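# Breakdown of the fold
Chain by chain, the residues:
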Amino acid sequence: MSVKRIAVVGAGIMGRGIAYASAIVGYDTALYDVDTEVLDQAVREIESIAQKGVERGKLDAKAAGAMKLSAGADLGQACGGAQLVIEAAPENIRLKLELFENLDRLCDPGTFYATNTSSLSVTEMAAATNRAGQVCGMHFFNPVHRMRLIEIVCGLETSEDTIAVAEEVAATMGKETVVINESPGFITTRVNALIGNEAFRMMQESVATPEDIDRALKLGLNHPMGPLELMDLVGLDTRLKRVAWVGRPAAACTTTWTANRCRAAAPGARQRRRNEHGNPDKTRAPLHRWRVAGCLVGTDLRGDESLARRAADPVRRGRRRRRRSCGDSSTCHL
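Remember, predicted model here, so these are calculated numbers, not experimental data. (Residues numbered from 1 in each chain as written. Predicted model: local features only at pLDDT ≥ 70, side-chain atom pairs only at ≥ 80, totals over all residues. Heavy atoms only, no water.)

### A closer look at a positive patch on the surface
In plain terms, the rule: Distance thresholds for patches are 9 Å for like charges and 5 Å for nonpolar side chains (Val, Leu, Ile, Met, Phe, Trp, Tyr), applied to residues having over 30% relative accessible area and no salt bridge. Note on areas: these come from Shrake-Rupley sampling with a 1.4 Å probe, and a residue is covered only by the protein chains present in the view. The term salt bridge refers to a side-chain nitrogen of Lys or Arg lying within 4 Å of a carboxyl oxygen of Asp or Glu. Counting rule applied: Lys, Arg positive; Asp, Glu negative; His and chain ends not counted. Every charge is mapped to an atom, namely NZ of Lys, CZ of Arg, CG of Asp or CD of Glu. Working definition: helices are DSSP H or I runs of at least four residues, strands are E runs of at least two. Numbering for both runs from the N terminus. Throughout this description, buried means an accessible area under 20% of the type-specific maximum (1.4 Å probe, protein chains only), exposed means over 50%, and partly exposed covers the range between.
Taken together, the side chains of Lys52, Arg56, Lys58 and Arg146 define a basic patch exposed on the protein surface. Examined against the element boundaries, Lys58 turns out to sit in the loop between helix H2 (36-55) and helix H3 (61-65). Taking relative accessible area as the criterion, Lys58 reaches 72% and is therefore assigned exposed.

### Some words on the packing of helix H1 (residues 13-23) against H2
Note the cut-off: Every axis in this analysis is a line fitted to C-alpha atoms, fitted for helices over the stretch in contact. Angles between the N-to-C directions lie between 0 and 180 degrees. Angle categories are assigned with fixed cut-offs, so that under 35 degrees is roughly parallel, over 145 is roughly antiparallel, 65 to 115 is roughly perpendicular, and the rest are oblique. Handedness of each helix crossing follows the sense of rotation of the near helix against the far helix: counterclockwise by less than a right angle gives left-handed, clockwise gives right-handed. Between two residues, a contact is recorded if the distance between any of their heavy atoms is within 4.5 Å. Ten residue types, Ala, Val, Leu, Ile, Met, Phe, Trp, Tyr, Cys and Pro, are classed as nonpolar, four, Asp, Glu, Lys and Arg, as charged, and the remainder, Gly among them, as polar.
The N-to-C vectors of H1 and H2 enclose an angle of 45 degrees; their axes lie 10 Å apart at closest approach. Judged by the angle between their axes, H1 and H2 are oblique. Regarding H1 and H2, the two cross each other, and that crossing is right-handed. Side by side, H1 and H2 meet where Arg16, Ala19 and Tyr20 of the first sit next to Val38, Gln41, Ala42, Glu45, Ile46, Ile49 and Ala50 of the second. Here the residues of the contact of H1 with H2 sort into seven nonpolar, one polar and two charged.

### Observations regarding the pairing of strand E7 (residues 149-154)
What counts here: Two strands pair under a simple rule: DSSP has to find at least two bridges between them. A crossover counts as right-handed when, viewed with the strands pointing away from the observer, the path leading from the first strand over the helix to the second turns clockwise.
Burial of E7 is extensive: five of the six residues sit out of reach of the surface. The pairing of E7 with strand E8 (residues 176-181) spans six bridges and is classified as parallel. Bridge pairing in E8 places Val153 opposite Ile180. Handedness of the E7-helix H7 (residues 160-172)-E8 crossover: right-handed.

### A closer look at the pattern of salt bridges
A full pass over the atoms with the stated rule returns seven salt bridges. Ionic pairing is found between Glu45 and Arg16, a salt bridge with its closest N-O pair at 2.8 Å. Taken together, the residues Glu45 in helix H2 and Arg16 in helix H1 connect sequence positions 29 residues apart. A residue is classified by how much of its surface remains accessible, and Arg16, at 11% relative accessible area, is buried. One salt bridge in this structure joins Glu229 and Lys218, with 3.2 Å as the shortest N-O distance. Taken together, the positions of Glu229 in helix H10 (residues 227-234) and Lys218 in helix H9 (residues 210-220) put the pair 11 residues apart, joining distant regions of the chain. Look at Glu229 and you get partly exposed, because its relative accessible area is 28%.

### Details of the packing of H9 against H10
Relative orientation of the contacting elements H9 and H10 amounts to 105 degrees, with a least axis distance of 7 Å. In terms of orientation, H9 and H10 fall into the roughly perpendicular class. Along the contact surface, H9 presents Pro210, Ile213, Asp214, Leu217 and Lys218, while H10 presents Pro227, Leu228 and Glu229. Within the contact of H9 with H10, the residues separate by chemical class into five nonpolar, no polar and three charged.

### Quick notes on unusual backbone geometry
Here the bond from Asn142 into Pro143 is cis, since omega is -5 degrees, no more than 30 degrees from zero. Along the chain, Pro143 turns up in the loop between strand E6 (135-139) and E7. Phi is positive for Phe186, close to 55 degrees, though the residue is something other than glycine. Within the secondary structure layout, Phe186 lies in the loop between E8 and helix H8 (188-204). For Ser206, which is not a glycine, the phi torsion comes out positive at approximately 60 degrees. Residue placement: Ser206 occurs in the loop between H8 and H9.

### Quick word on H8
Rules: Expected helix span is given by 1.5 Å per residue-to-residue step, counting one fewer step than there are residues. Throughout, the arc means that of the directions going from the helix axis to the C-beta atoms.
With 17 residues, H8 extends 24 Å between its outermost C-alpha atoms, agreeing within 8% with the 24 Å of an ideal straight helix rising 1.5 Å per residue. Among the residues of H8, Thr188, Thr189, Ala193, Gly196 and Ala199 are the ones counted as buried. Looking straight down H8, one finds its buried side chains confined to an arc of 135 degrees; they lie on one side.

### A short note on the nonpolar core
A general tendency of soluble globular proteins is for nonpolar side chains to be buried together. Let me state the cut-off plainly: Here, nonpolar core refers to any group of buried Ala, Val, Leu, Ile, Met, Phe, Trp, Tyr and Cys residues whose side-chain atoms link them within 4.5 Å.
Judged by nonpolar contacts, the single largest core of 39 residues is most densely connected at Ile6, Tyr20, Leu31, Leu84, Met138, Phe140 and Val169. Broken down by secondary-structure element, the contributors of at least two residues to this core are strand E1 (5-9), H1, H2, strand E4 (84-87), strand E5 (112-115), E6, E7 and H7. If you tally residues by element for this core, the top one is H1, at six residues. Setting aside anything within four residues of it in sequence, one finds Leu31 in contact with Val8, Gly10, Ala11, Gly15, Ala19, Leu39, Ala42, Ile46, Leu69, Ser70, Ala71 and Gly72. Of all hydrophobic cores here, the second largest spans 26 residues; its members include Tyr32, Tyr113, Met125 and Val135.

### Observations concerning the environment of Gly185
Relative to the helices and strands, Gly185 resides in the loop between E8 and H8. Judged by relative accessible area, Gly185 falls into the buried class, the value being 0%. Residues Gly185 and Thr117 lie 68 residues apart in sequence; the distance between their C-alpha atoms is 9.5 Å.

Set out below in C-alpha cells:
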C-alpha cells in the first residue's frame, strides 16, 4: 500500500517532531491537537527546524518550501483520507484507548494505525479498534529530526502488511528500523531505565557528581548524552511513567503485562471493556486458555497468580530459555 497522507495525533514534543519528519519528505501531513495554542507553537517550531536546516545546508530550500502541513483541532478532518495515523498522545493508557476508539469511527476501513508509545501495550490499544491487525507501534526518538531509529513494535495481532507499511514510511523518512515483539519497555526504554536508575543510585550514594556521571558515560562508553542529561531532556514525569512497568520486579512486570495483553486480545474484549467502564464493580469475565505467542495460558484474569507462578518457576523459565535457544520463535515472551 502506498502512503500519501499521514495524520499525526498530538502536537506535543514528539508529535510535532513526527509531523516534521513526515512533511519534509513529501507526505501530505495533518497535525491534530485539542489545544489550538499548542498547535500554533508546533507549527512555528516545525517551520523553525526547517529554516535552520536550510541555513546550515542540511536541507534543500525547495524541499522546505514544499512541505504539505496542515494543523487543526478537528480529529475527523485531520484523519480524513489518511492512509496512516500516528498517535502521539501523552502516555496515559485510558486516554489512548479512548482515542483509538474515536479513530476507528472516523477513519477509513483501510487506514493503518501506529502508536508512538515508548512503554504501553500495543495489543491493548489495538483491541480498542475493529482492526487489531492494522495497528503497530512506531516508537520515534527525541529529537525526531536528528534521531535515526524507529522501533517498530508488533502486537499479538499485528499483520505483516502493517509492518511493511511502517517500514516503508520509516525508510522514506530516512530512518533505520528494528522490528520487535512487544515487551515492557521494548528495547531502548528497557535498557535506558536500568542505566538511568543506576545513575540516580550513584548520585544518591555520592559516588560522583551528576556532571561526572554524565561525563564518564559520554567519554568512557561513547554515549552522546549522559543518563541524567537525557532525563532532563525527556522529563522526569515522562521517565517515571516509562519505568512504572520496567522498574517493577521481573515476575510482577511480565505477568501483569502478559495478562493485560491476553485479556485485550481475547474474543469480546471490546464489549467487556465497555461493560466494565459502565459498571466499575462488574466482575470481570475469566479468560480461559487463551493462546499468547504460542504459549497456552489458562488463568482467571481477575488475578494473575497462575501467570506469576509460571514466571517464578525456575524449571519453567529454563524450559522457555532452552526453547528460545533452539530457535523456536513461537514461544511465549514471559
